[in-house]
Amino acid sequence: HARPLAGLRVLDCTSWWAGPSSTHVLALLGAEVVHVESTSHPDGMRMTGFMFGRERWWEWGHMFAAANTDKLGITVDNGKPEGRAITRRLIEWADVVTENFAPRVMEQWGFDADAVRAINPQVVYTRMPAFGLTGPWRERVGFAQTMEQMTMASITGHADDPPLIPRGPCDPNAGMHSAFAMLAALAV
């Protein structure tokens, strides 16, 4: 039997855990997901787990593998015109484009919301920068521990102990919210 999102095409321009976990949900539901990595900056999640000293160490990151099953992968250098041309063709192909970088990243390559919609007016474009698209912290990057310190550390742990850093629930929570938002946008 076909899975519910069979035929849906997703361009996954994400890294680490929050973004890849969001598109992983779509892949598990049957979408064809193409995960894009930079030729010079591979997805940092590849460096998780016990992998150094092994041949092809970049393929051994257990968290990378867990968040990217059922996906296709490609490396592209968006710093070069040829790389941006490849990304443009992938945007034309996609029903959904997702990214989770600081806003400046996609914008410096010429792929802000207006540019992406000019390439593909029907695309659902999901942007999930840690600190939003506007405001004084717009350009800051965020990781789970950053977000946990800002949102939940003061209410975790035991009453007589220092705050507890939960070590990661913000990433899959953000990923699940993003996946839900993409599905809602597709349903409209």
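Here the structure is a predicted model, which is why all the values come from computation and not from measurement.

A.B. asks: So what about the pairing of strand β5 (residues 124-127)? Which residues, and what values?
C.D. replies: Along β5, one buried face is formed by Val124 and Thr126 and the opposite face, lined by Tyr125 and Arg127, is buried too. The sheet contact formed by strand β4 (residues 96-99) and β5 spans four bridges and is parallel. Bridge pairing in β5 links Glu99 to Arg127.

A.B. asks: So what's going on with the side chain of Thr23? Residues and values would help.
C.D. replies: Take Thr23: it is sitting in helix α1 (residues 18-28). Reaching out from Thr23, the side chain makes a polar contact with the side chain of Asp12 at a distance of 2.6 Å. Only 3.2 Å separates the side chain of Thr23 from the backbone oxygen of Pro20, close enough to count as a polar contact.

A.B. asks: With reference to specific residues and values, describe the pairing of strand β2 (residues 32-38).
C.D. replies: Most of β2 sits out of view: five of its seven residues are buried. In this view, the connection linking strand β1 (residues 9-13) to its parallel neighbour β2 by way of α1 has right-handed handedness. Of the pairings in the sheet, the one linking β2 to strand β3 (residues 71-76) comprises six bridges and is parallel in character. Counterpart to Val34 in the pairing with β3 is Leu72.

A.B. asks: Summarise the layout of surface pockets; cite the residues concerned and give the values.
C.D. replies: Quantified by volume, the largest pocket comes out at close to 1100 Å³. Taken together, 44 residues make up the lining of the largest pocket; nearest its centre are Ser15, Trp16, Asn100, Phe101 and Phe143. Secondary-structure elements contributing two or more residues to the lining of the largest pocket are β2, α4 (103-108), α6 (144-151) and α7 (170-187). Element by element, the count of residues in the lining of the largest pocket is highest for β2, at four residues. Classifying every residue of the lining of the largest pocket by side-chain character gives 22 nonpolar, 15 polar and seven charged.

A.B. asks: Explain the packing of α1 against α7 to me, and be specific about the residues and the numbers.
C.D. replies: Contact geometry for α1 and α7: axes closest at 7 Å, N-to-C directions at 45°. Our classification of the angle between α1 and α7 gives oblique. Relative to α7, the crossing made by α1 is right-handed. For the pair α1 and α7, the contacting residues are Ala18, Ser21, Ser22, Val25 and Leu26 in the first and Asp171, Pro172, Ala174, Gly175, Met176, Ser178, Ala179, Met182 and Leu183 in the second. Classifying every residue of the contact of α1 with α7 gives nine nonpolar, four polar and one charged.

A.B. asks: Explain the packing of aromatic side chains to me, using residue names and the numbers behind them.
C.D. replies: In this structure the tally under the stated criterion is one aromatic pair. Seen in terms of ring centroids, Phe101 and Trp109 are 6.2 Å apart; in terms of plane orientation they differ by 85°. Their pairing is edge-to-face.

A.B. asks: An account of α1 is needed here, citing residue identities and associated values.
C.D. replies: The element α1 is largely enclosed, with a buried count of 10 among its 11 residues. The complete set of buried residues in α1 reads Ala18, Gly19, Pro20, Ser21, Ser22, Thr23, His24, Val25, Leu26 and Ala27. Those residues of α1 that are buried are in contact with β1, β2, α2 (62-67), β3, β4 and α7. Count one or two residues on from α1 and you reach Gly30, which has phi positive near 110°.

A.B. asks: Which residues make up a nonpolar patch on the surface, and what are the values?
C.D. replies: A cluster of nonpolar side chains, contributed by Trp16, Val141 and Phe143, occupies part of the molecular surface with about 270 Å² of accessible area. Here Phe143 shows up in the loop between β5 and α6.

Scoring rules and cut-offs
- Residues numbered from 1 in each chain as written.
- Predicted model: local features only at pLDDT ≥ 70, side-chain atom pairs only at ≥ 80, totals over all residues.
- Heavy atoms only, no water.
- Buried < 20%, exposed > 50% of the residue type's maximum accessible area, 1.4 Å probe, protein only.
- Helix = DSSP H or I, 4+ residues; strand = E, 2+ residues; numbered from the N terminus.
- Pairing = 2+ DSSP bridges.
- Polar contact = N/O pair within 3.5 Å; in protein donor to acceptor, adjacent residues only side chain to side chain.
- Right-handed = clockwise from strand over helix to strand, strands pointing away.
- 1 Å grid on protein atoms, 1.4 Å probe; cavity = no way out; pocket = protein on both sides within 12 Å on 5 of 7 lines; lining within 4 Å.
- Points joined across faces, edges and corners; volume = space filled by probe spheres on them.
- Nonpolar A, V, L, I, M, F, W, Y, C, P; charged D, E, K, R; others polar.
- Axes fitted to C-alpha atoms, helices over the stretch in contact; angles between N-to-C directions.
- Parallel < 35°, antiparallel > 145°, perpendicular 65-115°, else oblique.
- Left-handed = near helix turned anticlockwise from the far one by under 90°.
- Contact = heavy atoms within 4.5 Å.
- Phe/Tyr/Trp six-rings, centres within 6.5 Å; stacked < 30°, edge-to-face > 60°.
- Patch = residues over 30% accessible without salt bridge, like charges linked within 9 Å, V, L, I, M, F, W, Y side chains within 5 Å.
- Areas by Shrake-Rupley, 256 points an atom, 1.4 Å probe, with all protein chains shown as cover.
- Salt bridge = Lys/Arg side-chain N within 4 Å of Asp/Glu carboxyl O.

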